[in-house]
Amino acid sequence: MKSRREFLRKSLWLTGGAAFTSPFWASLLGVKRYRRGGGVRLERRWDALNPAPPEAVDLAALRLPVAGPAAAADFAAAAEMTRTIIEALGGMGRFVSPGDTVYVKPNIGWARRPEYAATTNPDVVGEIVRLAKAAGARDVQVGDRSCEEPRKCYEESRIGPAVEAAGGRMVFPREYVRVRSPLDPAREWLVDANYLAADKVISAAIAKHHALTGATLAMKNLFGAVGGERSRLHQRVHESIAELALLLRPTLCLVDGLRALASNGPQGGSLSYVEHPLAIVAGVDPVAVDAFALRHMFGGRYGGSAALPRFVARAEEYGVGFADWTRAKSRCEGFGG
Amino acid sequence: MARRKSDGRGLAERIDREILSAANLRRLSQVAALALFLLLVVLSIQQAGGVQVYPGTLFLDFDPLLLAVTYLSAHALEPALLLSLAVVVLTALFGRFYCGWVCPLGALQTFAGWLGRKLRLSSREARSGYSRLLGMKHFVLGAVLASALFGGQLVGYFDPIALLTRTVTTALLPALAWATDSLYSFLGRFDFGQVGNTALGVLYLPYEGAEIAERFHQGGVLIGVVFLALMLLNWLRERFFCRYLCPLGALLSLFARLGLVRMRPDEKCTSCDACSRNCPTGAEPGSLEGFRVEECVFCYTCAERCPEEGLAAGLGRARAAPAVPDRTRRDLVLGAAAGALFLPLVKSPWRPKRVAPELIRPPGARAEQEFLSRCVRCGACMRACPTNVLQPAVLEGGLDGFWTPVMKYRFGYCLYGCTLCSAACPTGAIERLTVEEKKARKIGQAFFDQSRCLPHAFGRECTVCEEHCPTAPKAIVTRAERVLLPEGGEAVIHVPEIVPERCIGCGICENVCPIVDAAGVRVTSVGEARSEENQFLAR
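Predicted, not measured: the structure shown is a model, and the values here were computed from it.

1. A look at the domain arrangement of chain B
Residue and element names in this part refer to chain B.
1) Next: Segmentation of chain B into domains returns domain 1 (11-162 + 227-315) and domain 2 (368-524).
2) Next: Distance from the C-alpha centre of domain 1 to the C-alpha centre of domain 2: 42 Å.
3) Next: Listed by partner, the interface residues are 25 residues for domain 1 and 25 residues for domain 2.
4) Next: Summing both sides of the interface, domain 1 and domain 2 together bury roughly 1,900 Å²; the carbon and sulfur share of this comes to 57%.
5) Next: Of all residues in domain 1, Ile45, Gln153 and Tyr157 bury the most surface against domain 2, accounting for 27% of the area lost on that side.
6) Next: Between the two partners, domain 1 and domain 2, sit one salt bridge.
7) Next: A salt bridge links Glu78 to Arg374; its shortest N-O distance comes to 3.1 Å.
8) Next: Between the two partners, domain 1 and domain 2, sit seven residue pairs in polar contact (both at pLDDT 80 or more).
9) Next: Of all the secondary structure elements, the ones that give two or more residues to the side of domain 1 that touches domain 2 are helix 2 (22-43), strand 2 (51-52), helix 3 (58-61), helix 4 (64-74) and helix 9 (155-158).
10) Next: Here the side of domain 1 that touches domain 2 gets four residues from one element, more than from any other, and that element is helix 4.

2. Observations regarding the pairing of strand 2 (residues 101-106) of chain A
All names here are of chain A.
1) Next: Most of strand 2 is tucked away: six of the six residues are buried.
2) Next: Of the two faces of strand 2, both are covered, the one formed by Thr101, Tyr103 and Lys105 as well as the one formed by Val102, Val104 and Pro106.
3) Next: The pairing of strand 2 with strand 3 (residues 139-142) spans four bridges and is classified as parallel. Opposite Val102, over in strand 3, you have Val140 as the bridge partner.

3. Section: the interface of chain B and chain A
1) Next: Counting residues at the interface gives 37 residues for chain B, matched by 35 residues for chain A.
2) Next: Both sides of the chain B and chain A interface together cover about 2,900 Å² of buried area, and 51% of this is carbon and sulfur.
3) Next: Put simply, chain B and chain A have one salt bridge between them.
4) Next: Here Lys220 of chain A ties to Glu467 of chain B by a salt bridge, and the two come within 3.5 Å at their closest N and O atoms.
5) Next: The interface formed by chain B and chain A includes eleven residue pairs in polar contact (both at pLDDT 80 or more).
6) Next: Those elements that place two or more of their residues in the side of chain B that touches chain A are helix 11 (193-209), helix 23 (464-468) and helix 24 (508-512) of chain B.
7) Next: Sorting elements by how many residues they give to the side of chain B that touches chain A places helix 23 of chain B first, with four residues.
8) Next: Across the side of chain B that touches chain A, the residue classes break down as 19 nonpolar, ten polar and eight charged.

4. A word on the nonpolar core
1) Next: If you look at the biggest cluster of nonpolar residues, it comprises 111 residues, and the most contacted ones within it are Leu65, Leu105, Ile161, Leu390 and Met407 of chain B.
2) Next: Each of two domains, domain 1 (11-162 + 227-315) and domain 2 (368-524) of chain B, supplies a minimum of three residues to this core.
3) Next: Filtering out sequence-adjacent residues up to four positions away, Ile161 of chain B remains in contact with Phe37, Phe59, Leu60, Asp63, Tyr98, Cys103, Pro104 and Leu248 of chain B.
4) Next: Counting residues in each nonpolar core, the second largest holds 54 residues, with Val201, Leu222, Val255 and Val320 of chain A among its members.

5. Quick word on a nonpolar patch on the surface
Residue and element names in this part refer to chain B.
1) Next: Residues Leu11, Ile15, Ile19, Leu20, Leu25 and Leu28 make up a contiguous nonpolar surface patch of about 600 Å² in total accessible area.
2) Next: Of all elements in the fold, only helix 1 (11-19) and helix 2 reach the threshold of two or more residues within the nonpolar patch.
3) Next: Mapped onto the elements of the fold, Leu28 is located in helix 2.
4) Next: Residue Leu28 is classed as exposed on the basis of its relative accessible area, which comes to 58%.

6. Details of the pattern of salt bridges
Residues and elements named next belong to chain A.
1) Next: As enumerated under the stated definition, the model contains 37 salt bridges over all chains in all.
2) Next: The salt bridge partner of Asp139 is Arg169, with a shortest N-O separation of 2.8 Å. Of this pair, Asp139 sits in strand 3 while Arg169 sits in strand 4 (residues 169-170); the two residues are 30 residues apart in sequence, bridging distant segments of the chain.
3) Next: Residue classification places Arg169 among the partly exposed residues on the basis of a relative accessible area of 40%.
4) Next: A network of salt bridges, in which partner residues are shared, links Asp184, Arg187, Arg236 and Glu243.

7. Concerning the confidence of the model for chain B
Residues and elements named next belong to chain B.
1) Next: When pLDDT is averaged along chain B, the result is 87; 93% of the residues meet or exceed 70.
2) Next: Across chain B, the secondary-structure element scoring lowest on mean pLDDT is strand 4 (residues 311-315), at 70, and the one scoring highest is strand 7 (residues 445-448), at 98.
3) Next: Segment residues 1-5: pLDDT under 50, and ten contacts once partners within four positions in sequence are set aside and those in other chains are kept.

8. A few points about the packing of helix 8 (residues 136-149) of chain B against helix 14 (residues 247-256) of chain B
All names here are of chain B.
1) Next: Running from amino to carboxyl end, helix 8 crosses helix 14 at an angle of 100 degrees, the nearest separation of the two axes being 8 Å. Here helix 8 is positioned roughly perpendicular relative to helix 14, judged by the angle of their axes. Along the contact surface, helix 8 presents Lys137, His138, Val140, Leu141 and Val144, while helix 14 presents Pro247, Ala250, Leu251, Ser253 and Leu254.
2) Next: Class assignment of the residues belonging to the contact of helix 8 with helix 14 gives a composition of seven nonpolar, two polar and one charged.

9. Overview of the side chain of His468 of chain B
1) Next: You can see His468 of chain B is positioned in helix 23.
2) Next: Polar contacts involving the side chain of His468 of chain B include one to the main-chain carbonyl oxygen of Val464 of chain B, which spans 3.1 Å.

Cut-offs used in this document
Residues numbered from 1 in each chain as written. Chains lettered and ligands numbered in written order. Predicted model: local features only at pLDDT ≥ 70, side-chain atom pairs only at ≥ 80, totals over all residues. Heavy atoms only, no water. Domains from an automatic or database assignment. Contact = heavy atoms within 4.5 Å. Buried area = accessible area lost by both parts, 1.4 Å probe. Salt bridge = Lys/Arg side-chain N within 4 Å of Asp/Glu carboxyl O. Polar contact = N/O pair within 3.5 Å; in protein donor to acceptor, adjacent residues only side chain to side chain. Helix = DSSP H or I, 4+ residues; strand = E, 2+ residues; numbered from the N terminus. Buried < 20%, exposed > 50% of the residue type's maximum accessible area, 1.4 Å probe, protein only. Pairing = 2+ DSSP bridges. Nonpolar A, V, L, I, M, F, W, Y, C, P; charged D, E, K, R; others polar. Core = buried A, V, L, I, M, F, W, Y, C linked by side-chain atoms within 4.5 Å. Patch = residues over 30% accessible without salt bridge, like charges linked within 9 Å, V, L, I, M, F, W, Y side chains within 5 Å. Areas by Shrake-Rupley, 256 points an atom, 1.4 Å probe, with all protein chains shown as cover. pLDDT = per-residue confidence, 0-100. Axes fitted to C-alpha atoms, helices over the stretch in contact; angles between N-to-C directions. Parallel < 35°, antiparallel > 145°, perpendicular 65-115°, else oblique.

Next up, the structure:
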């Protein structure tokens, strides 16, 4: 370098040249503009079930045979119940193959302690993580797009510590991918990149009251995998729930009804709003799982011939599944009739 | 530049004298103090069970000026601030070592000065000596103390610790977040392979864990520009802020006069005056008579610059009359007069007749007048806030409320079970609250704007506000109602209503409203628990 001027001139040329030719170099490096997210293959999630033993069922539910004050029930049974139910479905090996990346989507919407029933029971989530790990999953991620400050939600719900103890990884949604709606080509969804990148997805909701939709369960739980201005979804909320279930269909759905939030949902905030159905249901058909939870975890509000919330009918209409869970092979213990 | 003679000295001796020199130890101490300060500011957001995990306001607690102004303005001694008496006692014994060795803003000034010299934009020796203007900081101190006595609060704009806490929170960390996010969203367009992507993700984790991302503060750019200007002024004069403006330095200088220690030349002195010419604070250590111990921060630059190594700290109080008249008292009194005038000047022409609806203070904030007299604008609450709702006020609270914390629900909302801001406040402007007290503390009231709210205005389903309302039972309730649709026909929809007694003004409804520009439900300050006048419900 002879002079300052020469140095400056050369630097300018080099910078300009690099900037101008960067698309070329980038193409050599194999740039993926994955933010645009064209052609995401979502089907694999429900086509990819592994062969199950012949006695396996497609919907399993279990209720603790506890008489007496429900609040005294020992929730230590949560993990064991989860294990039993997954076992009935044919074991985690039916859903998770060795080397898979698994994304578990519990409800971590609120910064509330587990006893307020605003978030999924941490022991249930922890056990799912443990089972997925045992089935050979390479990486088990757990995340949600929380409604309140995410770190506080992860911590206060105790799901964060439970997942880390079970060998999973808490992740915060950061990147979203544009995905076209399966129903209306003019509509796009922003979907959590972690959710899309995972090989298998498990929706682990908690049974809660919701003023607008009646209840929030495994299908509504998928709102937590959506980015953008989510608050607009309420204007066509039943259709949005059903459409997301169609678009994002999880490999396995579970509704934790050990505790259920009976009113003032979905936040709760007082123990007086919490009921104790002491039940868990899981299955491969989100509509069946939700319908079962509506019948059995809301103290008879959706019992008998009572009309189910509209999102159930919408989901059937969109071909997500069937509300009548008896159409599938099922094993339900502790529910009387 | 005078360089040391390098005669045939042993290695050990050289290490001892040149590497472990007092000036280098001072630099080490400055770097450590600055690092600790930044770490504590960044970590002050970490909480467990409603209290801060780390003492995020440690440096503020050790600031005797804050103790003094809180005592003068609120007539109260904050227990945590009593720690700062240690600094006063040590300064009275050993001089202003705090300014030279501990103060994080001092460290940044030293660094800015060094940078200016490296870039050859400034020189240490230019105009380094004593100047009448050194007394300006006493004027500032007088103004700060007098304004506090009369219920105003100027200290936050000048106190170095409050200034730096605010700057780091509202300007530097958001700038860092913006830069990091830009970098990562650029890098996110490339695929670095399994290993590369994982490595990038891992590098992002501490940044994400430190909760710096996605924070924004209104007017942070002004706070940043003020800081930048203060840094650049170091190229005009070494340690510009410390010399001319710092009220904390001025306060400590009053005690430093009692000090037992001073820099003094020994018998090797050739009166070359290199020490005085290089002194960053105008203390002029070269002259036995003219040395101003109250300006000296024991930075040991003089000792480093002395060609004879003939300067060291030693015991000695012998302080002859200074070469120029001591104007400290005059400056203090003049400043006090200005400070006493400050409050009426900014208050009378700007005081609204009624309470400002948008002036929503954090839960636990004291009644407005006492809040203003206690708040030192340090922004510690803004850093501690996990949702970014706390913003430095511009004119929401009048001229005298500039940069005080105010809730802005388009930035965030008040998290129901969180008490971090009240835990972070160093002066008790925000009272300590327990979580249960916090959940019941009303800071404002939500109102529906029926011309904008979707169910009210258009007959559309929405009620996102009701979903998010955290109180038990909910302050926002819904009724199934038959409404006429603007496009004709009718529908049964959920219409949200507010039960005013249940609303605590947390603002999550306003924050999550799908009408993102001016929400269909908005919170104003009326009904806030801290005010007797700003009420609307019959009792």
